[in-house]
Amino acid sequence: MEAAMADMIPPAGAAAFLDAHGWGGEIRPLAGDASFRRYFRVHAGDRSAILMDAPPPHEDPRPFIAIAEWLSDHGFAAPTIYAADLEQGLVLIEDFGDDRLREAADAEPLSELALYAPAIDLLVALAKQPAGALQPYDRAVLHREVTLFVDWYCDAVGIVPDLEGYREAWDAVFDHALTAEPVTVLRDYHAENLMLVGPDRRLGLLDFQDALAGHPAYDLVSLLQDARRDVAPAVEEKMLARYRAATGANEAFMQAYHVLGAQRNAKVIGIFTRLWRRDGKARYAALCPRVWAYLERDLAEPVLAPVAAWFAANIPAERRGDPLVLAR
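Residues numbered from 1 in each chain as written. Predicted model: local features only at pLDDT ≥ 70, side-chain atom pairs only at ≥ 80, totals over all residues. Heavy atoms only, no water.

K.L.:
Report on helix α6 (residues 139–156), specifying residues and quantitative values.
P.N.:
An ideal rise of 1.5 Å per residue puts 26 Å on 18 residues; α6 measures up with 26 Å between its terminal C-alpha atoms. Those residues of α6 that sit buried are V141, L142, H143, E145, V146, L148, F149, V150, Y153, C154 and A156. Looking at the packing, one finds that the buried side of α6 touches α7 (163–171), β9 (212–214), α10 (251–277), α11 (288–299), α12 (305–314) and α13 (323–326). You can read the cap of α6 off the contacts: a side-chain oxygen lies 3.3 Å from the backbone nitrogen of A140, and it is on D138. Backbone geometry just after α6 places G158 at a positive phi near 80 degrees. (Helix = DSSP H or I, 4+ residues; strand = E, 2+ residues; numbered from the N terminus. Expected span 1.5 Å × (residues − 1). Buried < 20%, exposed > 50% of the residue type's maximum accessible area, 1.4 Å probe, protein only. Contact = heavy atoms within 4.5 Å. Polar contact = N/O pair within 3.5 Å; in protein donor to acceptor, adjacent residues only side chain to side chain.)

As structure tokens, then:
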């Protein structure tokens, strides 16, 4: 409760920062995310903006600013940066409102395909651009991320896994995810980070500060195997068909899609377990069963046979689920 109350209080320098940039007014807290970042809506007369609190040394807002500018320069709807104080980690950005793809799709299930189609089309457009000046999403990063699963989930549910076999199994499939010409991969491209902006409901982008240069299939996985929202296999199939029709993506692309799907889902299970155990955010543990379902769909693909064999040997079916429940 104390942490939740603290999240409601603007940072000490916020009022002076806003006054200095002509945005003095009312500050209201918004929902945070899984990081140290916090967000506030600022009302100054009839204008509104979003104040991002990205406190050093835990957060660095410079990547967000740089990638927002790159996206805008290439025709994508990233928030305009109004002002920034890098020493305090304060950034004032354009307010995209509250209409998220997540709630729109939940409220309009008959329109789900129509709502997801522009998100696919945006990825088609993004794949046509050379990657920005970003670090590579290479084998070392893929391994580091997927290790989060054994470091956090296995430990939480009382499993002592075969670590050497785990690395070897992933190493046997990662080549499939490293063959495409790199594009800008936003990495958290899902329904809760996609805003429907203005009367034409254009797609606005958020939470892209961790972008890397990698395989274009990764953001498709983020969207269509969404850890926070159930995406039906039929929706996934139709949206993949839309992407493939627009790009000519072949079977090698689909192999990469499933490898990156398994990699991302294993990573996310590890991260959500860490958010519960280390950071006290138990709500994330409850999301793991959905992510397990996606992971098992990917593991059923022939390209993932080495990884599927490792999971079959190390993680019994009854130990796959909500780590908080399984740890009791």
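K.L.:
Now, about the packing of aromatic side chains: what can you tell me, with residues and values included?
P.N.:
Applying the stated rule across the entire model yields 16 aromatic pairs. Ring centres 5.6 Å apart and planes at 15 degrees place the aromatic pair W23 and Y82 in the stacked group. A residue pair is termed long-range when its members are at least 10 positions apart, and W23 in the loop between α2 (14–20) and β1 (26–30) and Y82 in strand β4 (residues 81–85) qualify at 59 residues. We classify W23 as buried; its relative accessible area is 9%. Its relative accessible area of 38% is what places Y82 among the partly exposed residues. (Phe/Tyr/Trp six-rings, centres within 6.5 Å; stacked < 30°, edge-to-face > 60°.)

K.L.:
Residue-level account of unusual backbone geometry, with values.
P.N.:
Following P56, the chain continues to P57 via a peptide bond in cis, the omega torsion being 0 degrees. You can see P57 is positioned in the loop between β3 (47–53) and α3 (62–73). Even without being glycine, R187 reaches a positive phi, approximately 80 degrees. Mapped onto the fold, R187 is located in the loop between β6 (183–185) and β7 (194–197). You can call R187 buried: its relative accessible area is 16%.

K.L.:
Before we move on, can you summarise the sheet that holds β1 with the specific residues and values?
P.N.:
Overall, antiparallel pairing links the 5 strands, which are arranged β1-β2-β3-β5-β4 in an open sheet. The two strands at the open ends of the sheet, each matched to only one other strand, are β1 and β4. In this sheet, adjacent strand axes meet at a mean angle of 25 degrees when their direction is disregarded. In this structure, β3 lies alongside strand β5 (residues 90–94), joined through 5 bridges in antiparallel fashion. Its bridge partner being in β5, D53 is matched across the sheet by L90. Contacts between α3 and the sheet are confined to β3, β4 and β5, with β4 contributing the most and set at about 160 degrees to the helix. (Pairing = 2+ DSSP bridges. Axes fitted to C-alpha atoms, helices over the stretch in contact; angles between N-to-C directions.)

K.L.:
Please provide a residue-by-residue account of the nonpolar core, values included.
P.N.:
Counting 92 residues, the largest nonpolar core has L71, F149, W170, Y189 and F311 as the members making the most contacts within it. If you tally residues by element for this core, the top one is α10, at 11 residues. Filtering out sequence-adjacent residues up to four positions away, W170 remains in contact with H143, V146, V259, A262, Q263, A266, L304, V307 and F311. Of all hydrophobic cores here, the second largest spans 12 residues; its members include V42, A44, L51 and L92. (Core = buried A, V, L, I, M, F, W, Y, C linked by side-chain atoms within 4.5 Å.)

K.L.:
Describe in detail the pattern of salt bridges, supporting the description with residues and values.
P.N.:
If charged atoms from side chains of opposite charge come close, those side chains can pair. For the structure on display, the rule yields 28 salt bridges. One salt bridge connects R297 with E236, and the closest N-O pair in it is separated by 2.2 Å. Of this pair, R297 sits in helix α11 while E236 sits in helix α9 (residues 233–247); the two residues are 61 residues apart in sequence, bridging distant segments of the chain. Of the residues examined, R297 reaches a relative accessible area of 29% and is grouped as partly exposed. Here E251 makes a salt bridge to R244, at a shortest N to O gap of 3.0 Å. (Salt bridge = Lys/Arg side-chain N within 4 Å of Asp/Glu carboxyl O.)

K.L.:
Quick one: what's the story with the side chain of K267, residue by residue and with numbers?
P.N.:
Looking at where K267 falls in the secondary structure, it is placed in helix α10. Polar contacts involving the side chain of K267 include one to the side chain of Y218, which spans 2.6 Å.

K.L.:
Could you give an account of the environment of L122, with specific residues and numbers?
P.N.:
Its place among the elements puts L122 in helix α5 (residues 112–127). Taking the C-alpha atoms as reference, L122 lies 8.3 Å from L203; in sequence the two are 81 residues apart. Excluding its chain neighbours within four sequence positions, the residues that come into contact with L122 are F76, Y189, L203 and L205.

K.L.:
Can you explain the packing of α6 against α7? Please cite residues and give values.
P.N.:
For the pair α6 and α7, the least separation of the axes is 11 Å and the interaxial angle reads 140 degrees. With respect to each other, α6 and α7 are oriented oblique. For α6 against α7, the interelement crossing comes out right-handed. Where α6 approaches α7, its residues R139, H143, V146, T147, F149 and V150 are matched on the opposing element by L163, Y166, R167, W170 and D171. (Parallel < 35°, antiparallel > 145°, perpendicular 65-115°, else oblique. Left-handed = near helix turned anticlockwise from the far one by under 90°.)

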